[in-house]
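# Coordinate inspection notes
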Amino acid sequence: MKATDHFKTVIQAYLDQRAEYDELFATSYLNPDKNIDDCVTYILSEVQRSGCNGFADDEIFSMAMHYYDETDIVVGKPIEGKVVINHHVELTQEEKAQARKDAMKRIENEAYAKMKQTKKPTKPVETQPQASLFDF
């Protein structure tokens, strides 16, 4: 499964932080036979094998740590798929201004297109006189 770069970044940031304060994990984390791509492939294989669609952050992070802790772990084959994470991404002021500008331009274009549309004349509805009780 081809993971998004953001997913890899989040996993690697967690592992880096964990290795800073956990000396035992730091030695496993420095193993030259292990890498982040295989770690992500292992995580995604485990997720697929479980049959679940959603996991807590701690569950995913523990899978990543398990990959680095075990010496004879089966990584699995890469799987095609999409990874969605729930971490908030902060935009810079320039990115916010550009997004606002793009949104305003899109609204202007939609309003202009709506104004340009010609209204189709509607056919007059032929009404039939309503029957009255007094006509019988």
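An unreviewed UniProt entry lists the protein chain under the name PcfK-like protein, from Mucinivorans hirudinis.

## So, the overall build of the protein chain
When helices and strands are tallied, the protein chain shows five helices and zero strands. Among the 136 residues that make up the protein chain, the fraction classed as buried is 25%. Considering only contacts within the protein chain whose residues lie at least 6 apart along the sequence, 79% involve residues at least 24 apart.

## Thoughts on the nonpolar core
In this structure, F7, I11, L15, C39, I43 and Y68 are the most contacted members of the largest nonpolar core, which totals 26 residues. The residues touching L15, leaving out its near neighbours within four places in the chain, are F25, Y29, I36, C39, A64, M65 and Y68.

## Regarding the pattern of salt bridges
Applying the stated criterion to the full structure yields three salt bridges. Between D22 and R18 there is a salt bridge, with its nearest N and O atoms 3.4 Å apart. Linking E46 and R49 is a salt bridge whose minimum nitrogen-to-oxygen distance equals 2.5 Å. With E46 and R49 both in helix α3 (residues 36-50), this residue pair falls three residues apart, about one helical turn. The class for R49 is exposed, based on a relative accessible area of 64%.

## Here we look at the environment of D57
Structurally, D57 can be placed in helix α4 (residues 57-69). For D57, a relative accessible area of 31% gives the class partly exposed. Taking the C-alpha atoms as reference points, D57 and I85, 28 residues apart in sequence, are found 9.1 Å from one another.

## Let's talk about the packing of helix α1 (residues 5-21) against α3
Two numbers describe how α1 lies on α3: the axes approach to 10 Å, and their chain directions differ by 105°. Classified by the interaxial angle, the pair formed by α1 and α3 is roughly perpendicular. Of α3, the residues touching α1 (which contributes F7, K8, I11, Q12 and L15) are I36, D37, C39, V40, I43 and L44. Each residue belonging to the contact of α1 with α3 can be placed in one class, and the counts come to eight nonpolar, one polar and two charged.

## Looking at the packing of aromatic side chains
Tallying each qualifying case throughout the model produces six aromatic pairs. With 5.5 Å between their ring centres and 25° between their planes, F25 and Y29 make a pair best called stacked. Of this pair, F25 and Y29 both sit in helix α2 (residues 23-29), four residues apart, roughly one helical turn. Among the aromatic residues, those joined into a cluster by ring pairs are F25, Y29, Y42, Y67 and Y68.

## So, the side chain of D22
Position of D22 among the secondary structure elements: in the loop between α1 and α2. What makes D22 buried here is its relative accessible area of 18%. Within polar-contact distance, the side chain of D22 engages the backbone nitrogen of F25 at 3.3 Å.

## Some remarks on α4
Compared with an ideal rise of 1.5 Å per residue, which puts 13 residues at 18 Å, α4 spans 18 Å between its outermost C-alpha atoms and is within 8% of the ideal. Within α4 the residues assigned to the buried category are I60, F61, M63, A64, M65, Y67 and Y68. Here the buried face of α4 lies against α1, α2 and α3.

Procedures and definitions
Residues numbered from 1 in each chain as written. Predicted model: local features only at pLDDT ≥ 70, side-chain atom pairs only at ≥ 80, totals over all residues. Heavy atoms only, no water. Helix = DSSP H or I, 4+ residues; strand = E, 2+ residues; numbered from the N terminus. Buried < 20%, exposed > 50% of the residue type's maximum accessible area, 1.4 Å probe, protein only. Contact = heavy atoms within 4.5 Å. Core = buried A, V, L, I, M, F, W, Y, C linked by side-chain atoms within 4.5 Å. Salt bridge = Lys/Arg side-chain N within 4 Å of Asp/Glu carboxyl O. Axes fitted to C-alpha atoms, helices over the stretch in contact; angles between N-to-C directions. Parallel < 35°, antiparallel > 145°, perpendicular 65-115°, else oblique. Nonpolar A, V, L, I, M, F, W, Y, C, P; charged D, E, K, R; others polar. Phe/Tyr/Trp six-rings, centres within 6.5 Å; stacked < 30°, edge-to-face > 60°. Polar contact = N/O pair within 3.5 Å; in protein donor to acceptor, adjacent residues only side chain to side chain. Expected span 1.5 Å × (residues − 1).

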